[in-house]
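The residues making up each chain are set out below.
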Number of protein chains: 2
Amino acid sequence: MELKEAIAKLKENQRIRSAYYHAMGVMYYDIETAAPKNAIGGFSETMATLSEITYKLAVNEENFAVLDLLSAHADELDEITRREVEEAQKGLKLLRSIPIEEYVEFQRIQSEASSVWHEAKVKSDYPMFEPHLRKLVEYTRKFAAYAAPEQDPYDYWLNEFEEGFTQDVLDGYFEKIKAALVPLIHRIGEKQPPEDGFLKKHYPAWKQRKLSDYLMEVMGINRDDCAIGETEHPFTTGFNKHDLRITTHYYEDALASSMYSVIHEGGHATYEMGNSDELIGSPLFGGASCGMHESQSRFYENIIGRSRAFVELVFPKIKEMFPEEMEGVTAEDFYKAVNRAEPSLIRTEADELTYSMHVLIRYEIEKKLIHGELDTKDVPAEWNRLYKEYLGVDVPNDKEGCLQDSHWSGGSFGYFPSYSLGSAYGAQILAHMKKELDIDALVRAGELGKVTDWLREHIHKYGMIKKPKELIRLCCGEDFDPQYYIDYLTDKFSELYGL
Amino acid sequence: MELKEAIAKLKENQRIRSAYYHAMGVMYYDIETAAPKNAIGGFSETMATLSEITYKLAVNEENFAVLDLLSAHADELDEITRREVEEAQKGLKLLRSIPIEEYVEFQRIQSEASSVWHEAKVKSDYPMFEPHLRKLVEYTRKFAAYAAPEQDPYDYWLNEFEEGFTQDVLDGYFEKIKAALVPLIHRIGEKQPPEDGFLKKHYPAWKQRKLSDYLMEVMGINRDDCAIGETEHPFTTGFNKHDLRITTHYYEDALASSMYSVIHEGGHATYEMGNSDELIGSPLFGGASCGMHESQSRFYENIIGRSRAFVELVFPKIKEMFPEEMEGVTAEDFYKAVNRAEPSLIRTEADELTYSMHVLIRYEIEKKLIHGELDTKDVPAEWNRLYKEYLGVDVPNDKEGCLQDSHWSGGSFGYFPSYSLGSAYGAQILAHMKKELDIDALVRAGELGKVTDWLREHIHKYGMIKKPKELIRLCCGEDFDPQYYIDYLTDKFSELYGL
């Protein structure tokens, strides 16, 4: 095969693959936002059939030959094609190294575990889920050994989710933030929390929908490129830079919930909308990594959205829409209420300050599980012990404890750290953006577009062309450094709580 | 190939095909109801790629061999498999007979015509569209000659859409209804129309959404099997009997519009939800024909939904939801208002009485076009002449005249009659249902479920197993007879207008 022919085959395979992924992505968006409840049976069958077809498109000797030839000539390829090959090889590394029967068996175990987890969570019955978790941990370890026999198995998985961030980096990262944040959290716990009762009045969904439209407008998101769907657990999905979908959930007794989920998901959408045009139709469309994607959503949600400047910008509109509910409330009251920090049980509902402690707990447990230093039977006890130690809270049951997240039931170990890294990236990016932009002044003036332009130029346009470590270096002129995150949280919450 | 092997191949091909159709169906639903405006580019590319793949799945020598072998052994197959083979052969008849280059060329012409038609309609510029229509007519004639050289070309296409209903049946049908309805329409035109101003007050969309939920409940539609989406031009789509999607459009100054579109689309959904379980995963899932599908939607919309009994059932709820707007309005006023009959310009907005005249006009024009008896240049003049003659209205421009429907621009000739046949089937079905059920009493008591049970047993459960002619015979014990339709309309509107 000639190099030129191999490139053509790669691009054609990518074109076909992107059509399948697009269709399957729309089906997923649909089942989460629009489909009737009983659609799930037909949905699962169709997704299984299409997954099998896309699997075969990737996992076949011809494709391997194309990729191997292109890898061997990597330095003759343009940057995008080279990264496409690299990502395709990375995606296939595991599949090419494990016996197919074990892969099929793992999928069966995963799907069973996922369904048992749903039931076990409802019943708060950890022993019901435990044997499934045990098998998943075994497979996770075994697969890492197939794919990268020379590597520590947890490092292998961490690197799969956030390239370059293995335990040597993360141990230091978490030690540092733990040392700084645990005492800060304890000090704040002694203070009187700000009043936030007005956020819990009755806010009809149809009015909240109008607030979402307003927030999207403030963020400068072109609605012809981005729709809002409604679902139980908000997420964002994008099919190309002109077709993004964010989702939210309207709780009529919790105004801030959907408000900040819209800004968060709007951040994810903004990232993909800002991908360079070169990435149209390329599998490199999207974000550099889970952590980098999360850095952008959390940047808009917390760093911008929960800033005093942003609250001052949008509060008049909120007051206009809900005059009775906001009677006697000032922008400053609102600012304090949406920044109320409090150790709690549920990660997805945690505030900006305590969030990374939830992640740290999961990191420590995963690490021990994969290294065989913690038996799956002992997960609840360890979980509860760590929540007490780091957050000072007592876990009343496993439903609100170690059964709360779906990740492990889906066989994902090593994913959690990226959530925390996202916040840390954001703080470092902020520090460097501040050298060039007066962010507060821009936000107060409603000129978020200028902030987005900066992010587009330094982060968004690259899609997956650059890896996260490289992107931080490009954007900030230095390596990743968690000190920015610690300083950001310490300054913000010390001021808020008058420490 | 053994018969058993051929059956297995057929079923496997159907399984794969249904996964693609499901995914493409969801993408279509999504683009019409949820996607942002600029999603259309990516949507079109993905649909083109997937269409090409499904085309190749069907149009290949191996599949032809499977189908030909099964056709040759048709009497050894069970009824469902036999009909599956028959439908597959019917679907491939044209594709197997035309040169592939002409098929590709036709698709190009069709897509161009469709896009020009959109623009021409907005500009009300028929001459802009005319050359495209000319080509489409030529291809329609040519393709019929390839597929069925022995048959009249218009008969070929009519039979494609509504099997068994060729010109010999339809000429008689339309002559009969024209003779009865044109004088009736003229007599009603001389009467004072009922007051319907209260339907045009302000009805907020969020309240109309609640009314839709109520109407679905009254119809006995399980919402876990059926979602409601919102779109410009309402339609229904179904992926399996537990996943139906109806759509509607809320006009805030036209209460009856969305109300009756929900009932109409709910009728389509009810049909597919009532398919027998044997049809799960079969391409025979759905309705016997376009006309039969339309018969069910119009049965619920007009025969049930616009009956006095139904209005009396739902009016208290409407009054409760809109007390100010319905001040001084009685159920009888509402009944008369939603049955206001008036010759008009737009088919899709026509009332129950005049609807078939719109169809008749299109039938006469299509027939002449395909037979070369009318030049495409003369369509507007002929259109306007017939609207004057049958409906007594003057057509002010082509946008509201011969450019109003999309069908011809998509290359569909022979489709329109099924709309009218649907109404006629419904009236005949009603007459036979009445022998067994006291429909008015059931509807007044809110027991629409009994009506649906009857239809499921006589129509819905068969899906596409039976053809429309056969189904009428099975259901009514006699051949199709338009007299029922004439009698139904004459009785209903004579009473309403005091003739």
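Rules used throughout
- Residues numbered from 1 in each chain as written.
- Chains lettered and ligands numbered in written order.
- Predicted model: local features only at pLDDT ≥ 70, side-chain atom pairs only at ≥ 80, totals over all residues.
- Helix = DSSP H or I, 4+ residues; strand = E, 2+ residues; numbered from the N terminus.
- Buried ≥ 20, exposed ≤ 12 C-beta atoms within 10 Å, placed from the backbone.
- Contact = placed C-beta atoms within 7 Å.
- Nonpolar A, V, L, I, M, F, W, Y, C, P; charged D, E, K, R; others polar.
- Least-squares fit on C-alpha atoms with pLDDT ≥ 70 in both.
- Pairing = 2+ DSSP bridges.
- Axes fitted to C-alpha atoms, helices over the stretch in contact; angles between N-to-C directions.
- Core = buried A, V, L, I, M, F, W, Y, C linked by C-beta atoms within 7 Å.
- Expected span 1.5 Å × (residues − 1).
- Domains from an automatic or database assignment.
- Parallel < 35°, antiparallel > 145°, perpendicular 65-115°, else oblique.
- Left-handed = near helix turned anticlockwise from the far one by under 90°.

Caption draft 1: Just the overall build of chain A, in detail. When you go through chain A residue by residue, the secondary structure sums to 20 helices and three strands. Each principal axis of the C-alpha atoms in chain A carries an extent, and together these give about 70 × 50 × 50 Å. Within chain A, the fraction of its 499 residues that count as buried is 40%. Considering only contacts within chain A whose residues lie at least 6 apart along the sequence, 72% involve residues at least 24 apart.

Caption draft 2: Geometry of the interface of chain A and chain B. Counting residues at the interface gives 31 residues for chain A and 30 residues for chain B. Contributions of two or more residues to the side of chain A that touches chain B are made by α1 (3–33), α2 (40–58), β1 (226–230) and β2 (236–240) of chain A. The leading source of residues in the side of chain A that touches chain B is α1 of chain A, at nine residues. Residue composition of the side of chain A that touches chain B, by class: 15 nonpolar, nine polar and seven charged.

Caption draft 3: Broad picture of the environment of Met219 of chain B. Residue and element names in this part refer to chain B. Here Met219 lies in the loop between α9 (205–218) and β1 (226–230). Taking the C-alpha atoms as reference, Met219 lies 42 Å from Lys368; in sequence the two are 149 residues apart. In this structure, Met219 is in contact with Ile263, Gly266, Thr270, Tyr300 and Leu448, ignoring residues within four places of it in sequence.

Caption draft 4: Broad picture of the relation of the copies chain A and chain B. Expressed as a screw transformation, the operator carrying chain A onto chain B has a rotation angle of 180° and an axial translation of 0.0 Å, and the superposed copies differ by an RMSD of 0.0 Å. Such a combination of turn and shift is consistent with a two-fold rotation axis. Closest approach to the rotation axis among the C-alpha atoms of chain A is made by Ala23 of chain A, whose C-alpha sits 3.0 Å away. Taken together, the interface assignments show that 97% of the residues at the interface of chain A recur at the interface of chain B, consistent with an identical surface on both copies.

Caption draft 5: Just the sheet that holds strand β3 (residues 243–248) of chain A, in detail. Residue and element names in this part refer to chain A. As summarised here, the arrangement of the three strands in space is β1-β3-β2, forming an open sheet in which the pairing is mixed. Of all strands in the sheet, those with a lone pairing partner are β1 and β2, marking the two edges. The average undirected angle you get between the axes of adjacent strands in this sheet is 20°. Relative to β3, β1 is paired through five bridges, and the arrangement is parallel. Each residue of the ladder has a partner; that of Ile228, found in β3, is Ile246.

Caption draft 6: Representation of the nonpolar core within the structure. Formed by 229 residues in total, the largest nonpolar core has its most connected members in Ala23 of chain A together with Ala23 of chain B. Beyond its immediate stretch of four places on either side in the chain, Ala23 of chain B contacts Ala23, Met24, Met27, Thr46 and Leu50 of chain A.

Caption draft 7: Representation of the environment of Arg340 of chain A. Residue and element names in this part refer to chain A. One can find Arg340 in the loop between α13 (331–337) and α14 (355–370). Residue classification places Arg340 among the partly exposed residues on the basis of 17 C-beta atoms within 10 Å. For the pair formed by Arg340 and Ala148, sequence separation is 192 residues and the distance between their alpha carbons is 44 Å. When neighbours within four sequence positions are excluded, Arg340 is seen to be in contact with Pro193, Pro194, Asp196 and Asp351.

Caption draft 8: Representation of helix α16 (residues 417–433) of chain A in the model. In this model α16 of chain A runs 24 Å from its N-terminal to its C-terminal C-alpha over 17 residues, within 8% of the 24 Å that 1.5 Å per residue would give. Among the 17 residues that make up α16 of chain A, 13 are buried, leaving the element largely enclosed by the rest of the structure.

Caption draft 9: Just the domain arrangement of chain A, in detail. Residue and element names in this part refer to chain A. Per the domain assignment, the segments of chain A are domain 1 (3–150) and domain 2 (151–499). Using C-alpha coordinates to define each centre, domain 1 is positioned 26 Å away from domain 2. With 35 residues of domain 1 in contact, the opposing surface of domain 2 contributes 34 residues. A total of twelve residues in the side of domain 1 that touches domain 2 trace back to one element, the largest contributor, which is helix α6 (residues 126–147). Its residues placed into classes, the side of domain 1 that touches domain 2 shows 15 nonpolar, nine polar and eleven charged.

Caption draft 10: Main features of the environment of Gly172 of chain B. If you trace the backbone, Gly172 of chain B turns up in helix α8 (residues 167–189). Considered as a pair, Gly172 of chain B and Leu211 of chain B are 39 residues apart in the sequence and their alpha carbons are 41 Å apart.

Caption draft 11: Just the pairing of strand β3 (residues 243–248) of chain B, in detail. Residue and element names in this part refer to chain B. Burial analysis of β3 places six of its six residues in the buried class, which makes it a mostly covered element. Judged by which residues are buried, β3 turns out to be covered on both faces: Asp243, Arg245 and Thr247 on one side and Leu244, Ile246 and Thr248 on the other are all buried. Judged from the four bridges that link them, strand β2 (residues 236–240) and β3 form a sheet pairing that is antiparallel. What sits directly across from Asn240, in β3, is Asp243.

Caption draft 12: Structural view of the packing of α8 of chain B against helix α14 (residues 355–370) of chain B. Residues and elements named next belong to chain B. Orientation of α8 relative to α14, taken along the N-to-C sense of each, is 135°, at an axis distance of 10 Å. Viewed along their axes, α8 and α14 adopt a mutual orientation that is oblique. Here α8 and α14 pass one another in a crossing that is left-handed. Only Ser356, Met357, Leu360 and Tyr363 of α14 make contact with α8, whose side of the interface consists of Leu170, Phe174, Ile177, Lys178, Leu181 and Ile185. Across the contact of α8 with α14, the residue classes tally to eight nonpolar, one polar and one charged.

Caption draft 13: Seen up close, the sheet that holds β2 of chain B. Residue and element names in this part refer to chain B. On the basis of which strands lie adjacent, the open sheet formed by three strands has the order β1-β3-β2 and mixed pairing. Two strands close off the open sheet at either side, each with one partner strand: β1 and β2. Adjacent strand axes in the sheet meet at a mean angle of 20° when their direction is disregarded. Most of the contacts of helix α1 (residues 3–33) go to β2, to which it runs at about 150°, and overall it touches β1, β2 and β3.

Caption draft 14: Broad picture of the packing of helix α9 (residues 205–218) of chain A against helix α12 (residues 308–321) of chain A. All names here are of chain A. Two elements in contact, α9 and α12, have axes whose closest approach is 11 Å; the angle formed by their N-to-C orientations is 160°. When the axes of α9 and α12 are compared, the pair comes out roughly antiparallel. In this structure, α9 crosses over α12, and the sense of that crossing is right-handed. Of the residues in α12, those in contact with Lys207, Lys210, Leu211, Tyr214 and Val218 of α9 are Leu313, Val314, Lys317 and Met321.

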